[in-house]
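Architecture at a glance
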Amino acid sequence: MTELTSRRPDAATAIFNLSDYRVLETEILGFGQRRIHVESTIESGCPDCGVIGTRRHIRHRQRVRDIPLAGPVEVIWSKRRYFCDESECPRGTFFEATVEVPRLARSTRRLRDMLVSAVIDSGRAATETAAAHGVSRWLVQRALNVAATRRPDVDKLRPRMLGIDEQRVRSVRFFKDPATKAWKRFEPWMTTIVDLDTGQVLVVGSPDRSPVSV
Ligand SMILES: [Zn+2]
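So, here is what we can say about the structure in this document. (Residues numbered from 1 in each chain as written. Predicted model: local features only at pLDDT ≥ 70, side-chain atom pairs only at ≥ 80, totals over all residues. Heavy atoms only, no water.)

What follows covers the coordination of the zinc ion. Those donors, Cys46 (SG), Cys49 (SG), Cys84 (SG) and Cys89 (SG), are the protein atoms that reach the zinc ion, and they lie 2.3 to 2.4 Å from it. Bound by four donor atoms, the zinc ion shows angles of 98 to 116 degrees at the metal and therefore tetrahedral coordination geometry. Here the donor residues for the zinc ion map to a single chain with the spacing C-x2-C-x34-C-x4-C. One end of the pair, Cys46, is in the loop between strand S2 (34–40) and strand S3 (56–64); the other, Cys89, is in the loop between strand S4 (73–83) and strand S5 (93–95), and 43 residues separate them in sequence. Pair check on accessibility: Cys46 and Cys89 agree, each one buried. (Donors = N, O, S within 2.8 Å, 3.2 Å for Na, K, Ca; no water. Tetrahedral: all angles 85-135°; square planar, octahedral: opposite > 155°, others 65-115°. Helix = DSSP H or I, 4+ residues; strand = E, 2+ residues; numbered from the N terminus. Buried < 20%, exposed > 50% of the residue type's maximum accessible area, 1.4 Å probe, protein only.)

Moving on to the packing of helix H3 (residues 126–133) against helix H4 (residues 137–149). Their axes nearest at 8 Å, the elements H3 and H4 cross at an angle of 120 degrees. Taken as axis vectors, H3 and H4 run oblique relative to one another. As for how H3 packs across H4, the hand of that crossing is right-handed. Counted together, Ala126, Thr127 and Ala130 of H3 and Arg137, Val140, Gln141 and Leu144 of H4 form the full contact between these two elements. Residue composition of the contact of H3 with H4, grouped by class: four nonpolar, two polar and one charged. (Axes fitted to C-alpha atoms, helices over the stretch in contact; angles between N-to-C directions. Parallel < 35°, antiparallel > 145°, perpendicular 65-115°, else oblique. Left-handed = near helix turned anticlockwise from the far one by under 90°. Contact = heavy atoms within 4.5 Å. Nonpolar A, V, L, I, M, F, W, Y, C, P; charged D, E, K, R; others polar.)

Moving on: the nonpolar core. Core analysis: the biggest nonpolar cluster contains 13 residues, and Leu111, Leu115, Val116, Val135, Leu139, Val140 and Leu144 have the highest contact counts within it. Mapped onto this core, the elements with two or more residues apiece are helix H2 (109–122), H3 and H4. Among the elements that make up this core, the one with the highest residue count is H4 (five residues). With residues near it in sequence (within four places) discarded, Leu115 still touches Thr129, His133, Val135, Leu139 and Val140. Core analysis: the next-biggest nonpolar cluster, separate from the first, contains 12 residues, Leu18, Val23, Ile36 and Val64 among them. (Core = buried A, V, L, I, M, F, W, Y, C linked by side-chain atoms within 4.5 Å.)

With that settled, the discussion passes to the packing of aromatic side chains. Tallied over the full model, the rule gives two aromatic pairs. Ring geometry for Tyr21 and Trp77: centres 5.2 Å apart, planes at 80 degrees, overall edge-to-face. Of the two residues, Tyr21 is situated in strand S1 (residues 21–28) and Trp77 in strand S4; the sequence distance between them amounts to 56 residues. A relative accessible area of 6% places Tyr21 in the buried class. A residue is classified by how much of its surface remains accessible, and Trp77, at 0% relative accessible area, is buried. For the pair Tyr82 and Phe94, a centre-to-centre distance of 6.0 Å together with 40 degrees between the ring planes defines the contact as tilted. With Tyr82 in strand S4 and Phe94 in strand S5, this residue pair connects regions lying 12 residues apart in the sequence. (Phe/Tyr/Trp six-rings, centres within 6.5 Å; stacked < 30°, edge-to-face > 60°.)

Right under this line is the structure:
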């Protein structure tokens, strides 16, 4: 089996500083754009059975969006696909995954964290943040959605100021009351309470307007 870890990273890997990756080579493209080829340095398990992959099937070059590093960079991950050697497992092969770039992700965690911080710290709209960082608005919105679901233990927080936002999450709906047979209007509202200093979502109200404890 190939030795994946390296105790003393080379200079490019140390400067690029993406956890669990090493730099294979770099290219200078037109207009000063840099392309950085990387591979992971950790073992990966089968997503179905967890058995660590040791027999390599193929490599696939995947473009990964990442933070700028003294200017924009294009990152290409030379991603390994392994055979699953567990005879009972229905999955024949699987692609490796890392904490920075989990399965199906196309951007690094550090980029998504940076986008969320940009929106929260600057109070800018998702669209504006996306334009400033050269990424799609959808990537910013997805990162914000994930951040909003990572809610802390609110009993341990001491927010200084609270912000309350109420918005309609779907169009108005009507349903028939089974008891009275009368049609009733249903307003699918969602209430969100945030810590105004940090932007952290503290409480999300359910669409039927009943509070959800977090
Ligand atoms: Zn498996």
